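Chain and residue survey
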Amino acid sequence: VKPMTPRCTVPKAVPVGKSASLHCHENEGFPKSMYSWYRNSEPLSPDSKSNARAHNSSYTLNPATGTLVFHAVHKGDTGRYSCIATNDAGFAKCEEQEMEV
């Protein structure tokens, strides 16, 4: 079963240095969806250490739960975030949401 449009929760504004949690979830897809996050239409690597573009970012992305946690946000984390739920039957994307740091 193709995933439904996931429900995305993105904080509107986060003070520099604070943590931020972004959530993405849908429960219609079968098999269970895996989640990927995008900032300004660019994919976020599941591992912030391996992504040269995110070298200043410190975040944890759990593809199974759709949770993206920034441990300490900085100005560079500001942007439009969206999430895609994917399974064998297809994928669905939530609308982009702005997070300001």
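Residue positions are given per chain, counting from 1 as you read along its sequence in written order. Where totals are concerned, whole chains, interfaces and linings use all residues; where local detail is concerned, this predicted model gives features only for residues with pLDDT of at least 70, and gives and counts side-chain atom pairs only at 80 or more. Hydrogens and water are ignored here; the side-chain numbers use all heavy atoms of the structure.

Identification of the protein as JAM3 protein from Centropus unirufus is taken from an unreviewed UniProt entry. UniProt positions are given in the numbering used here, feature names are shortened, and annotations may be inferred rather than shown by experiment. Quoted verbatim from the Sequence similarities (unreviewed entry) heading of the UniProt record, the comment on the protein is "Belongs to the immunoglobulin superfamily."

Some details on the packing of aromatic side chains
Pairing of aromatic rings covers Phe, Tyr and the six-membered ring of Trp, with a centre-to-centre limit of 6.5 Å; geometry is then stacked below 30 degrees between planes, edge-to-face above 60, and tilted otherwise. The final tally for this structure, using the stated rule, is 2 aromatic pairs. With 5.9 Å between their ring centres and 80° between their planes, Phe70 and Tyr81 make a pair best called edge-to-face. Of the two residues, Phe70 sits in strand β6 (residues 67-70) while Tyr81 sits in strand β7 (residues 79-87), which places them 11 residues apart along the sequence. The exposure classification of Phe70 matches that of Tyr81, with both residues buried. Taken together, the ring pairs in this structure connect Tyr59, Phe70 and Tyr81 into an aromatic cluster. The numbering of helices and of strands both runs from the N terminus, where a helix is a DSSP run of H or I of at least 4 residues and a strand a run of E of at least 2. Each residue gets one of three labels from its accessible area relative to the maximum for its type: buried under 20%, exposed over 50%, partly exposed in between, using a 1.4 Å probe on protein chains only.

With respect to the state of the cysteines
A pair of sulfur atoms, both from cysteines and within 2.5 Å, is called a disulfide here. In the structure shown here, the tally under the stated rule is 2 disulfides. Sulfur-sulfur distance for the disulfide between Cys8 and Cys94 comes to 2.0 Å. One disulfide, between Cys8 and Cys94, carries an S-S torsion of -100° and so falls in the left-handed class. Within this pair, whereas Cys8 is found in strand β1 (residues 7-9), its partner Cys94 is found in the loop between β8 (90-93) and β9 (97-99), the two being separated by 86 residues in sequence. As far as burial versus exposure is concerned, Cys8 and Cys94 are alike and both buried. At a sulfur-sulfur separation of 1.9 Å, the disulfide partner of Cys24 is Cys83. An S-S torsion of about -80° defines the bridge between Cys24 and Cys83 as left-handed. Taken together, the residues Cys24 in strand β2 (residues 20-25) and Cys83 in strand β7 connect sequence positions 59 residues apart. The class for Cys83 is buried, based on a relative accessible area of 0%.

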